[in-house]
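Listed below are the residues making up each chain.
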Amino acid sequence: MSVPYETAAYEPRESPESPEEHLARLLGRALNSFELPDEAIRRLDCALAYDGSLHSAHHSAGLHRETYRHTWLLADGSALTLWELVHNTAPGNEPQHEVYVDEEELRTATARLPLPADAPDFELPVLVQLSSVPETRHAYTPDDSADHARRLLRRAENGDRPGAEVASRLATASGHQITQAFGRPCRAGRAGLCFALYEHAFLLSDGVEISLWEVEHTATPDGRHMCEVYATEDAARDAMERRAAQVP
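About the criteria used
- Residues numbered from 1 in each chain as written.
- Predicted model: local features only at pLDDT ≥ 70, side-chain atom pairs only at ≥ 80, totals over all residues.
- Heavy atoms only, no water.
- Phe/Tyr/Trp six-rings, centres within 6.5 Å; stacked < 30°, edge-to-face > 60°.
- Helix = DSSP H or I, 4+ residues; strand = E, 2+ residues; numbered from the N terminus.
- Salt bridge = Lys/Arg side-chain N within 4 Å of Asp/Glu carboxyl O.
- Buried < 20%, exposed > 50% of the residue type's maximum accessible area, 1.4 Å probe, protein only.
- Contact = heavy atoms within 4.5 Å.
- pLDDT = per-residue confidence, 0-100.
- Pairing = 2+ DSSP bridges.
- Core = buried A, V, L, I, M, F, W, Y, C linked by side-chain atoms within 4.5 Å.
- Arc of directions from axis to C-beta.
- Polar contact = N/O pair within 3.5 Å; in protein donor to acceptor, adjacent residues only side chain to side chain.

### Here we look at the packing of aromatic side chains
Step number 1: Within the structure shown, the criterion is met by 1 aromatic pair.
Step number 2: Taking 5.2 Å as the distance between ring centres and 55° as the angle between the ring planes, the aromatic pair formed by Y50 and W72 counts as tilted. Of this pair, Y50 sits in strand β1 (residues 47-60) while W72 sits in strand β2 (residues 63-74); the two residues are 22 residues apart in sequence, bridging distant segments of the chain.

### Digging into the environment of A164
Step number 1: Along the chain, A164 turns up in helix α5 (residues 164-170).
Step number 2: Separated by 11 residues in sequence, A164 and L153 have C-alpha atoms that sit 9.9 Å apart.

### Regarding the pattern of salt bridges
Step number 1: Tallied over the entire structure, the rule returns 9 salt bridges.
Step number 2: The partner of E104 in a salt bridge is R107, with the nearest N and O atoms 3.0 Å apart. With E104 and R107 both in helix α3 (residues 103-111) and 3 residues apart, the pair spans about one turn of that helix.
Step number 3: Judged by its relative accessible area of 48%, E104 falls in the partly exposed class.
Step number 4: With relative accessibility at 47%, the residue R107 sits in the partly exposed group.
Step number 5: For R224, the salt bridge is made with E157, and the minimal N-O distance between the two is 2.9 Å. Separated by 67 residues along the polypeptide, R224 in the loop between β8 (209-217) and β9 (226-230) and E157 in the loop between α4 (145-155) and α5 bring together distant segments of the chain.
Step number 6: Of the residues examined, R224 reaches a relative accessible area of 38% and is grouped as partly exposed.
Step number 7: When its relative accessible area of 39% is taken as the criterion, E157 is described as partly exposed.

### Quick look at the environment of L26
Step number 1: Mapped onto the fold, L26 is located in helix α1 (residues 19-29).
Step number 2: Taking C-alpha positions, L26 is 8.0 Å from V99, a pair spaced 73 residues apart along the chain.
Step number 3: Setting aside its immediate chain neighbours within four residues, L26 contacts H70, W72, L82, E84 and V99.

### Some words on the confidence of the model for the protein
Step number 1: Summarising the model, the protein shows a mean pLDDT of 77, and 77% of its residues fall at 70 or more.
Step number 2: When the elements of the protein are averaged for pLDDT, strand β5 (residues 121-123) gives the smallest value, 47, and strand β4 (residues 96-100) the largest, 94.

### Remarks on the pairing of strand β7 (residues 195-204)
Residues in a regular strand project their side chains so that they alternate between the two faces of the sheet.
Step number 1: By the criterion of burial, β7 is predominantly enclosed, with 9 of the 10 residues buried.
Step number 2: With 9 bridges joining them, β7 and β8 adopt antiparallel strand pairing. The residue of β8 that forms the bridge with L203 is E209.
Step number 3: As consecutive antiparallel partners, β7 and β8 are separated by 4 residues, and within that stretch G207 has a phi angle of approximately 90°, a positive value.

### Section: unusual backbone geometry
Backbone geometry follows two general trends: most residues other than glycine have a negative phi, and most peptide bonds adopt the trans configuration.
Step number 1: A positive phi angle, near 60°, is found at N93, a position not held by glycine.
Step number 2: Along the chain, N93 falls in the loop between β3 (79-87) and β4.

### Brief notes about the nonpolar core
Step number 1: By size, the foremost hydrophobic cluster in this structure holds 14 residues, and its most contacted members are L170, F202, L204, L212 and V229.
Step number 2: Going through the elements one at a time, α4, α5, β7, β8 and β9 are the ones with two or more residues in this core.
Step number 3: Of all hydrophobic cores here, the second largest spans 13 residues; its members include A30, L36, A40 and L82.

### Here's the deal with α3
Step number 1: Taken together, the buried positions of α3 are L106, A109 and T110. One face of α3 carries all of its buried residues, which in axial projection span an arc of 100°.
Step number 2: Buried positions along α3 lie against β2, β3 and β4.
Step number 3: By the N-cap criterion, in which a side-chain oxygen at the helix start approaches the backbone nitrogen of a residue two or three places on, α3 is capped by D102, the distance to E104 being 3.2 Å.

### Topic: the side chain of N158
Step number 1: With respect to the secondary-structure elements, N158 resides in the loop between α4 and α5.
Step number 2: On the accessibility criterion, N158 (3% relative accessible area) is buried.
Step number 3: Side chain to side chain, N158 and D160 meet in a polar contact 2.9 Å long.
Step number 4: N158 has contacts with C227, E228, V229 and Y230, leaving out every residue within four places of it along the chain.

Here it is as structure tokens:
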């Protein structure tokens, strides 16, 4: 069964290094990495993808300065950028690396460098805009989400539940959120008959969002609870109507 899903516009660059390895290398070479806010480092612990690019450069009389933009896509769908300043203006002309959390700090640090004021400077166009990272539809919790998806599909009793292809994609889930689609469970027909619909939204490691729709009901011959899982909300609601219609 094919399942529609929403593809994020942010495409991670092909690289043999993980987002965590990019961060570790940046912090390892930056002389002032200890000054970064702890909150920024904690947020980067859940990074899903990385993109880096040269932002601007300044070269004159053997001295140079470059700034780089390092951007990570996080599990909650937001993005975090660190700015790297590289220059050889220290004694000995050895390359120095510094890292900052915003452009204002970067500009302040750049202004302190002993570079000629009239030296040529060029700035590259922005190739990756933070606005190109779409807001996710859910607030995801990174809590063993792949295992949650596996258990959800395992307890589904309907024969037309999502199959192996969807299960394979959900094995990369890095976050999930469960919400009840109805304000309260609906009841109809036989006394005690109960229906409830839940959306299980998953954020995959590539930034894609997939939702599964779980129907819980007691429209069974012995009144026991039954779980069914569908790939779309419409399919789940149709199943609820069919089950309710079968109950005398």
